[in-house]
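# Structural description and commentary
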Amino acid sequence: MAAKKETYTEAMKKLEAIVAKIEGGELDIDQLGENLQEAQKLIKFCKDKLYKADEEIKKMLDDGRTDEE
């Protein structure tokens, strides 16, 4: 069975939960390391999503300007 693709919103919620645990001092050193690794993956995922969306928006705007000229 294929894994469900994670959305930007889901990734941000997970990242926010990790940050809350870290800020709240809820994690021991082992959990901290694991959560920081997960946070790094989530940050990369979100950055990639934002970059892709930005590129798509720029392309649409450029295509719209070309059509109007």
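As shown above, the structure is provided for reference.
Reference entry: report on the structure contained in this document. The model shown is predicted, which means the values in this text are computed figures rather than measured ones. (Residues numbered from 1 in each chain as written. Predicted model: local features only at pLDDT ≥ 70, side-chain atom pairs only at ≥ 80, totals over all residues. Heavy atoms only, no water.)

Of the regular secondary structure elements, the protein holds two helices and zero strands. Total accessible area on the protein stands at roughly 6,100 Å², and carbon and sulfur atoms take up 56% of it. (Helix = DSSP H or I, 4+ residues; strand = E, 2+ residues; numbered from the N terminus. Areas by Shrake-Rupley, 256 points an atom, 1.4 Å probe, with all protein chains shown as cover.)

Our next topic: helix α1 (residues 8-23). In this model α1 runs 22 Å from its N-terminal to its C-terminal C-alpha over 16 residues, within 8% of the 22 Å that 1.5 Å per residue would give. Here α1 has its buried residues at A11, L15 and I18. The buried residues of α1 all sit within an arc of 60° when viewed along its axis, so they share a single face. Opposite the buried face of α1, at more than 90 degrees from it, the exposed residues are K13, E16 and E23. Positive backbone phi, approximately 65°, marks G25, located one or two places after α1. (Expected span 1.5 Å × (residues − 1). Buried < 20%, exposed > 50% of the residue type's maximum accessible area, 1.4 Å probe, protein only. Arc of directions from axis to C-beta.)

Among the nonpolar cores identified, the biggest contains six residues, and these are A11, L15, I18, A39, L42 and C46. Discounting chain neighbours no more than four positions away, the residues touching I18 are N35, E38, A39 and L42. (Core = buried A, V, L, I, M, F, W, Y, C linked by side-chain atoms within 4.5 Å. Contact = heavy atoms within 4.5 Å.)

What follows deals with the pattern of salt bridges. Inspection of every chain in the model, using the stated rule, returns four salt bridges. Its salt-bridge partner being D48, residue K44 comes within 2.8 Å of it at the nearest N-O pair. Taken together, the residues span about one helical turn, with K44 and D48 both in helix α2 (residues 29-68) at a distance of four residues. The exposure class of K44 is exposed, given its relative accessible area of 51%. Between K58 and D54 there is a salt bridge, with its nearest N and O atoms 3.2 Å apart. (Salt bridge = Lys/Arg side-chain N within 4 Å of Asp/Glu carboxyl O.)

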